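Now for the letters of each chain:
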Amino acid sequence: AQSVAQPEDQVNVAEGNPLTVKCTYSVSGNPYLFWYVQYPNRGLQFLLKYITGDNLVKGSYGFEAEFNKSQTSFHLKKPSALVSDSALYFCAVSQSRRGQNFVFGPGTRLSVLP
Amino acid sequence: GAVVSQHPSRVICKSGTSVKIECRSLDFQATTMFWYRQFPKQSLMLMATSNEGSKATYEQGVEKDKFLINHASLTLSTLTVTSAHPEDSSFYICSASRTSGGSTDTQYFGPGTRLTVL
């Protein structure tokens with residue numbers, strides 16, 4: 001069975017500082033990992049995904065994530081946070097290359113303080 | 001980029017009535033669509049997977065007779081909440097996945113529909 005953990009319910013960071021939103025996963029085969037962001041009363045917006053290749057994945061809005069197989073982690077990072085980055089972030093794992101059968105983490109609320 | 005729309009964005013209905021939510025892929029053909037529900041301050045829970053031209057596959061615990069899914073074309077899937085009750089109040093989100101050979105297809109999510117049952 002697949003599972004995703006996001007150990008922090010809430011992350012607070014000052015504008016301009018680097019941010020990290022943590023994600024760990026558990027799958028029985030090759031993991032396909034995704035990050036999505038959700039703004040209030042909106043659907044999810046795709047940020048980035050890891051399928052294969054380089055462990056460092058670059059995505060939308062300056063976000064990046066590093067796949068670490070030994071630690072089964074896929075932490076989301078950004079070098080310099082913006083107030084507009086404040087939102088709910090979801091990590092998801094799929095065992096399908098076609099991105100089906102997602103299991104989402106519980107979400108982490110990011111607040112960037114001016 | 002790929003765009004998925006949902007209609008309506010918000011609906012309020014009386015208990016016992018049925019509500020239909022549409023999910024459309026606007027600029028691509030979606031062989032597979034997914035329906036999720038999200039309770040306040042919680043993550044998305046997959047309800048069902050819908051493939052064009054075939055019956056939907058429901059997740060364990062989801063009543064298929066209550067949540068009717070139709071995927072009649074490659075650009076449209078509908079979710080009908082039948083005989084809605086207050087506990088069905090939730091945020092319903094669809095997503096669509098397109099097929100392009102053997103490559104991984106990202107799911108594109110709709111903006112969601114907030115259902116409130118009085």
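The present account deals with the structure reproduced in this document. (Residues numbered from 1 in each chain as written. Chains lettered and ligands numbered in written order. Predicted model: local features only at pLDDT ≥ 70, side-chain atom pairs only at ≥ 80, totals over all residues. Heavy atoms only, no water.)

As a further point, take the nonpolar core. Of all hydrophobic cores here, the largest spans 27 residues; its most connected members are A:Trp35, A:Leu47, A:Leu48, A:Phe74, A:Leu76 and A:Tyr89. If one sorts the elements of this core by residue count, strand β10 (residues 87-94) of chain A sits on top with four residues. Other than its neighbours up to four places away in sequence, A:Phe74 contacts A:Cys23, A:Leu33, A:Phe34, A:Trp35, A:Leu48, A:Lys49, A:Tyr50, A:Ala65, A:Glu66 and A:Phe67. Within the second largest apolar cluster, 24 residues are counted, among which are B:Cys13, B:Ile21, B:Ile69 and B:Ala84. (Core = buried A, V, L, I, M, F, W, Y, C linked by side-chain atoms within 4.5 Å. Buried < 20%, exposed > 50% of the residue type's maximum accessible area, 1.4 Å probe, protein only. Helix = DSSP H or I, 4+ residues; strand = E, 2+ residues; numbered from the N terminus. Contact = heavy atoms within 4.5 Å.)

Looking now at the pairing of strand β2 (residues 10-13) of chain B. All names here are of chain B. With burial as the criterion, only one face of β2 is covered, namely that bearing Val11 and Cys13; the residues Arg10 and Ile12 on the opposite face remain uncovered. Bridge count between β2 and strand β11 (residues 113-117): four bridges; the pairing is parallel. The residue bridging Cys13 from the neighbouring strand is Val117, located in β11. (Pairing = 2+ DSSP bridges.)

Residue B:Pro8 is bonded to the preceding B:His7 through a cis peptide linkage, with omega at 0°. Examined against the element boundaries, B:Pro8 turns out to sit in the loop between β1 (4-7) and β2. Residue A:Thr72 is not a glycine yet carries a positive backbone phi of 45°. By relative accessible area, A:Thr72 is classed as partly exposed at 31%. Even without a glycine there, the phi angle at B:Ser83 is positive, about 45°. Within the secondary structure, B:Ser83 is located in the loop between β8 (76-81) and β9 (90-98).

Attention now goes to the layout of surface pockets. The volume enclosed by the largest pocket comes to roughly 430 Å³. In terms of lining residues, the largest pocket is bounded by 20 residues, among which B:Met45, B:Leu46, B:Met47, B:Glu59 and B:Val62 are the most central. Where the lining of the largest pocket is concerned, the elements lending two or more residues are β11 (103-104) of chain A together with β5 (44-51) of chain B. When residues of the lining of the largest pocket are assigned to their parent elements, the largest contribution, four residues, is made by β5(B). Looking at the lining of the largest pocket residue by residue, the classes come out as nine nonpolar, five polar and six charged. Volume-wise, the second largest pocket comes out at about 330 Å³. Lining the second largest pocket are 17 residues, with A:Leu44, A:Gln45, A:Phe46, B:Ala2 and B:Phe109 sitting closest to its centre. Elements that contribute at least two residues to the lining of the second largest pocket include exactly β6 (44-50) of chain A together with β10 (108-109) of chain B. Among the elements that line the lining of the second largest pocket, the one with the most residues is β6(A), at three residues. (1 Å grid on protein atoms, 1.4 Å probe; cavity = no way out; pocket = protein on both sides within 12 Å on 5 of 7 lines; lining within 4 Å. Points joined across faces, edges and corners; volume = space filled by probe spheres on them. Nonpolar A, V, L, I, M, F, W, Y, C, P; charged D, E, K, R; others polar.)

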